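Below are the chains, spelled out letter by letter.
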Amino acid sequence: MGLFDGLLGGRANRFDSGNAATTAVELTKRRPRISLTKQGAATGHLRINLSWRMRTSDIGGPARQSLLRHPLKALKPPEVLGHGQSMVDVDLDLGCMYELADGTKGVVQPLGNLLGDVNAPPYVKLSGDDRFGSGSGETLYINLDQWNAIKRLLVFVYIYDQTPAFDRTHAVVTLYPSSGPRIEIGLDERQPQARSCAVVLIENVKGEVIVHREVRFVYGFQSELDHLYGWGLQWGRGYKSKTGR
(Lines give C-alpha, C1' and ligand atoms only; values in the text may rest on other atoms or scores of the structure.)
Protein backbone atom coordinates (compact mmCIF):
# COMPACT_ATOMS: atom_id res chain seq x y z
CA MET A 1 0.00 0.00 0.00
CA GLY A 2 1.17 3.54 -0.65
CA LEU A 3 2.53 5.52 2.28
CA PHE A 4 4.40 8.83 2.40
CA ASP A 5 6.93 8.72 5.23
CA GLY A 6 8.11 11.47 7.51
CA LEU A 7 5.02 13.63 8.20
CA LEU A 8 4.23 14.93 11.67
CA GLY A 9 0.96 13.79 13.26
CA GLY A 10 -1.59 16.45 14.20
CA ARG A 11 -3.10 17.25 17.57
CA ALA A 12 -6.61 16.19 18.48
CA ASN A 13 -9.03 18.97 17.62
CA ARG A 14 -12.69 19.83 17.88
CA PHE A 15 -14.30 21.14 14.74
CA ASP A 16 -17.23 23.20 13.64
CA SER A 17 -18.76 21.09 10.90
CA GLY A 18 -20.48 23.71 8.76
CA ASN A 19 -24.14 23.81 7.91
CA ALA A 20 -25.71 20.55 6.74
CA ALA A 21 -27.84 22.29 4.15
CA THR A 22 -30.93 20.48 2.98
CA THR A 23 -30.17 21.26 -0.67
CA ALA A 24 -27.30 19.75 -2.63
CA VAL A 25 -25.26 20.50 -5.71
CA GLU A 26 -24.01 17.47 -7.64
CA LEU A 27 -20.78 17.77 -9.57
CA THR A 28 -20.93 15.76 -12.80
CA LYS A 29 -18.95 15.36 -16.01
CA ARG A 30 -21.07 18.10 -17.58
CA ARG A 31 -20.85 20.36 -14.52
CA PRO A 32 -17.53 19.52 -12.87
CA ARG A 33 -16.54 22.86 -11.31
CA ILE A 34 -17.76 25.17 -8.58
CA SER A 35 -16.27 28.20 -6.80
CA LEU A 36 -16.76 28.28 -3.04
CA THR A 37 -15.61 31.88 -3.06
CA LYS A 38 -18.42 32.95 -5.38
CA GLN A 39 -20.84 30.95 -3.22
CA GLY A 40 -19.71 32.96 -0.16
CA ALA A 41 -18.44 29.75 1.46
CA ALA A 42 -14.65 30.25 1.44
CA THR A 43 -14.24 30.61 5.21
CA GLY A 44 -14.44 28.34 8.23
CA HIS A 45 -14.01 24.59 8.07
CA LEU A 46 -14.84 22.72 4.86
CA ARG A 47 -15.98 19.25 5.89
CA ILE A 48 -15.49 16.42 3.35
CA ASN A 49 -17.19 13.12 4.11
CA LEU A 50 -16.81 9.67 2.52
CA SER A 51 -19.65 7.21 3.02
CA TRP A 52 -20.49 4.00 1.23
CA ARG A 53 -22.70 0.94 1.32
CA MET A 54 -22.65 -2.38 -0.44
CA ARG A 55 -24.74 -2.76 -3.56
CA THR A 56 -28.00 -4.55 -2.75
CA SER A 57 -27.30 -7.42 -5.14
CA ASP A 58 -24.00 -8.17 -3.37
CA ILE A 59 -25.57 -8.27 0.08
CA GLY A 60 -28.89 -9.93 -0.71
CA GLY A 61 -27.73 -12.63 -3.13
CA PRO A 62 -25.30 -14.61 -0.95
CA ALA A 63 -27.46 -14.10 2.15
CA ARG A 64 -30.52 -15.66 0.56
CA GLN A 65 -28.53 -18.72 -0.52
CA SER A 66 -27.02 -19.18 2.93
CA LEU A 67 -30.46 -19.24 4.56
CA LEU A 68 -31.13 -22.63 2.96
CA ARG A 69 -28.29 -24.19 4.95
CA HIS A 70 -28.46 -21.89 7.98
CA PRO A 71 -32.12 -20.97 8.58
CA LEU A 72 -31.32 -19.40 11.97
CA LYS A 73 -29.54 -16.57 10.15
CA ALA A 74 -32.97 -15.22 9.28
CA LEU A 75 -33.32 -14.26 12.95
CA LYS A 76 -30.28 -11.97 12.84
CA PRO A 77 -30.97 -8.25 12.36
CA PRO A 78 -30.08 -6.80 8.94
CA GLU A 79 -27.14 -4.80 10.24
CA VAL A 80 -25.41 -8.00 11.44
CA LEU A 81 -25.81 -9.62 8.03
CA GLY A 82 -24.66 -6.41 6.38
CA HIS A 83 -21.37 -6.57 8.28
CA GLY A 84 -20.59 -10.09 7.10
CA GLN A 85 -17.62 -11.10 4.99
CA SER A 86 -18.73 -9.24 1.87
CA MET A 87 -18.82 -5.97 3.82
CA VAL A 88 -15.48 -6.49 5.58
CA ASP A 89 -13.79 -7.18 2.24
CA VAL A 90 -14.42 -3.61 1.10
CA ASP A 91 -12.52 -1.07 3.18
CA LEU A 92 -12.56 2.33 1.49
CA ASP A 93 -10.22 4.98 2.89
CA LEU A 94 -10.30 8.74 2.43
CA GLY A 95 -7.08 10.68 1.95
CA CYS A 96 -5.77 14.03 0.78
CA MET A 97 -2.50 15.04 -0.88
CA TYR A 98 -1.61 18.65 -0.15
CA GLU A 99 0.72 21.24 -1.60
CA LEU A 100 1.15 24.43 0.40
CA ALA A 101 2.02 27.86 -0.92
CA ASP A 102 5.57 27.54 0.46
CA GLY A 103 6.15 24.34 -1.55
CA THR A 104 5.59 21.87 1.30
CA LYS A 105 3.96 18.65 0.09
CA GLY A 106 2.56 15.60 1.87
CA VAL A 107 -0.45 13.43 2.48
CA VAL A 108 -3.15 13.00 5.13
CA GLN A 109 -4.47 9.43 5.32
CA PRO A 110 -5.20 6.56 7.77
CA LEU A 111 -2.07 4.63 6.74
CA GLY A 112 0.79 5.53 9.06
CA ASN A 113 -1.62 7.48 11.27
CA LEU A 114 -0.95 10.58 9.15
CA LEU A 115 -3.98 12.48 10.38
CA GLY A 116 -2.78 16.04 9.80
CA ASP A 117 -3.67 19.20 11.73
CA VAL A 118 -6.45 21.71 11.12
CA ASN A 119 -4.92 24.62 13.07
CA ALA A 120 -1.34 24.27 11.77
CA PRO A 121 0.18 23.18 8.46
CA PRO A 122 -1.15 21.42 6.42
CA TYR A 123 -4.48 22.82 7.73
CA VAL A 124 -6.12 19.48 6.82
CA LYS A 125 -7.25 16.95 9.43
CA LEU A 126 -8.65 13.43 9.03
CA SER A 127 -11.12 12.28 11.64
CA GLY A 128 -11.94 8.59 11.90
CA ASP A 129 -11.20 5.43 9.92
CA ASP A 130 -14.45 3.70 9.01
CA ARG A 131 -13.82 0.03 8.20
CA PHE A 132 -17.44 -0.80 7.33
CA GLY A 133 -19.03 2.15 5.53
CA SER A 134 -21.30 3.33 8.32
CA GLY A 135 -23.50 6.38 8.07
CA SER A 136 -20.85 8.63 9.62
CA GLY A 137 -18.11 7.43 7.27
CA GLU A 138 -14.70 9.14 7.24
CA THR A 139 -14.26 12.90 7.33
CA LEU A 140 -11.63 15.45 6.35
CA TYR A 141 -11.64 18.99 7.71
CA ILE A 142 -9.97 21.82 5.77
CA ASN A 143 -9.33 25.17 7.42
CA LEU A 144 -10.32 27.66 4.73
CA ASP A 145 -9.40 30.55 7.01
CA GLN A 146 -5.81 29.57 6.15
CA TRP A 147 -6.53 29.29 2.43
CA ASN A 148 -3.74 31.69 1.44
CA ALA A 149 -1.26 29.11 2.79
CA ILE A 150 -2.64 26.34 0.54
CA LYS A 151 -1.92 25.88 -3.17
CA ARG A 152 -3.87 22.72 -3.99
CA LEU A 153 -5.48 19.67 -2.40
CA LEU A 154 -6.28 16.32 -4.04
CA VAL A 155 -8.94 14.34 -2.20
CA PHE A 156 -8.82 10.64 -3.06
CA VAL A 157 -10.32 7.29 -2.07
CA TYR A 158 -8.51 3.96 -2.10
CA ILE A 159 -9.21 0.35 -1.19
CA TYR A 160 -7.05 -0.89 1.67
CA ASP A 161 -5.45 -4.33 1.42
CA GLN A 162 -8.31 -6.17 -0.26
CA THR A 163 -9.55 -7.24 -3.69
CA PRO A 164 -10.53 -4.28 -5.92
CA ALA A 165 -14.24 -3.76 -5.44
CA PHE A 166 -15.32 -0.23 -6.36
CA ASP A 167 -18.04 -1.87 -8.45
CA ARG A 168 -19.48 -3.52 -5.31
CA THR A 169 -20.12 -0.27 -3.47
CA HIS A 170 -22.22 2.85 -3.67
CA ALA A 171 -19.69 5.47 -2.53
CA VAL A 172 -20.36 9.19 -2.20
CA VAL A 173 -17.99 12.01 -1.28
CA THR A 174 -19.86 15.01 0.10
CA LEU A 175 -18.45 18.49 0.75
CA TYR A 176 -20.09 20.57 3.47
CA PRO A 177 -19.02 24.25 3.23
CA SER A 178 -19.51 26.58 6.19
CA SER A 179 -22.53 28.02 4.37
CA GLY A 180 -24.64 27.17 1.36
CA PRO A 181 -25.59 23.81 -0.15
CA ARG A 182 -23.56 20.65 0.26
CA ILE A 183 -21.68 19.36 -2.79
CA GLU A 184 -21.98 15.68 -3.76
CA ILE A 185 -19.74 13.54 -5.97
CA GLY A 186 -20.82 9.96 -6.63
CA LEU A 187 -18.35 7.16 -7.40
CA ASP A 188 -20.84 4.96 -9.22
CA GLU A 189 -18.81 4.24 -12.34
CA ARG A 190 -18.17 0.52 -12.73
CA GLN A 191 -14.40 0.11 -12.32
CA PRO A 192 -13.98 -3.45 -10.97
CA GLN A 193 -10.18 -3.51 -11.23
CA ALA A 194 -9.46 -0.04 -9.83
CA ARG A 195 -7.82 0.32 -6.42
CA SER A 196 -7.76 4.12 -6.12
CA CYS A 197 -9.75 7.11 -7.30
CA ALA A 198 -8.89 10.80 -7.46
CA VAL A 199 -12.21 12.35 -6.46
CA VAL A 200 -11.86 16.11 -6.26
CA LEU A 201 -9.13 18.72 -6.78
CA ILE A 202 -9.39 21.91 -4.71
CA GLU A 203 -7.15 24.68 -6.03
CA ASN A 204 -6.17 28.17 -4.99
CA VAL A 205 -6.64 30.24 -8.15
CA LYS A 206 -5.64 33.83 -7.33
CA GLY A 207 -7.11 33.41 -3.87
CA GLU A 208 -10.33 31.80 -5.10
CA VAL A 209 -11.37 28.37 -3.77
CA ILE A 210 -12.09 26.28 -6.86
CA VAL A 211 -13.52 22.76 -6.47
CA HIS A 212 -13.17 20.49 -9.51
CA ARG A 213 -14.64 17.01 -9.86
CA GLU A 214 -12.03 14.48 -11.03
CA VAL A 215 -13.36 10.90 -10.47
CA ARG A 216 -10.31 9.33 -12.15
CA PHE A 217 -9.82 5.67 -11.29
CA VAL A 218 -6.41 3.99 -11.37
CA TYR A 219 -5.36 0.37 -10.94
CA GLY A 220 -2.56 1.17 -8.47
CA PHE A 221 -2.38 2.98 -5.16
CA GLN A 222 -1.49 6.48 -3.94
CA SER A 223 1.82 6.56 -5.81
CA GLU A 224 -0.03 6.20 -9.12
CA LEU A 225 -2.31 9.12 -8.24
CA ASP A 226 0.80 11.08 -7.27
CA HIS A 227 2.35 10.42 -10.67
CA LEU A 228 -0.90 11.31 -12.44
CA TYR A 229 -1.07 14.73 -10.77
CA GLY A 230 2.66 15.43 -10.51
CA TRP A 231 2.97 15.61 -6.71
CA GLY A 232 6.46 14.08 -6.53
CA LEU A 233 6.25 12.39 -3.10
CA GLN A 234 8.23 9.32 -2.01
CA TRP A 235 6.05 6.30 -1.26
CA GLY A 236 6.57 2.95 0.46
CA ARG A 237 4.51 0.13 1.86
CA GLY A 238 2.34 0.96 4.86
CA TYR A 239 -0.18 -0.73 7.14
CA LYS A 240 -3.07 0.21 9.36
CA SER A 241 -3.35 -1.01 12.94
CA LYS A 242 -5.42 -4.15 13.46
CA THR A 243 -7.62 -2.63 16.14
CA GLY A 244 -10.19 0.14 16.17
CA ARG A 245 -9.87 3.59 14.74
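It should be emphasised that the depicted structure is a prediction, and the values quoted were computed from it without experimental measurement.

Caption draft 1: Spatial organisation of the nonpolar core. The biggest cluster of nonpolar side chains holds 42 residues, and the ones touching the most others in it are I48, L140, I142, L153, V157 and I202. When neighbours within four sequence positions are excluded, I202 is seen to be in contact with L46, I48, I142, W147, K151, R152, L153, V209, I210 and V211. Ranked by size, the runner-up nonpolar core spans 16 residues in total, among them L111, Y158, Y160 and W235.

Caption draft 2: A look at unusual backbone geometry. Here the residue pair P121 and P122 is connected by a cis peptide bond, since its omega of 15 degrees sits within 30 degrees of zero. Within the secondary structure, P122 sits in the loop between β7 (116–117) and β8 (124–127). Positioned with a positive phi, K206 is a non-glycine residue whose angle comes to about 55 degrees. Looking at where K206 falls in the secondary structure, it is placed in the loop between β13 (196–205) and β14 (208–218). Accessibility expressed as a relative area gives 88% for K206, which makes it exposed.

Caption draft 3: The sheet that holds β13, seen in detail. Pairing within the open sheet is antiparallel, and its six strands lie in the order β3-β14-β13-β10-β5-β6. For this open sheet the edge positions go to β3 (33–35) and β6 (105–108), each flanked by a neighbour on one side alone. Recorded for the sheet is a direction-independent mean angle of 20 degrees between the axes of neighbouring strands. Set on the sheet, helix α4 (residues 222–229) makes contact with β5 (92–100), β10 (150–159), β13 and β14; between it and β14 the angle comes to about 125 degrees.

What counts as what
Residues numbered from 1 in each chain as written. Predicted model: local features only at pLDDT ≥ 70, side-chain atom pairs only at ≥ 80, totals over all residues. Heavy atoms only, no water. Core = buried A, V, L, I, M, F, W, Y, C linked by side-chain atoms within 4.5 Å. Buried < 20%, exposed > 50% of the residue type's maximum accessible area, 1.4 Å probe, protein only. Contact = heavy atoms within 4.5 Å. Helix = DSSP H or I, 4+ residues; strand = E, 2+ residues; numbered from the N terminus. Pairing = 2+ DSSP bridges. Axes fitted to C-alpha atoms, helices over the stretch in contact; angles between N-to-C directions.

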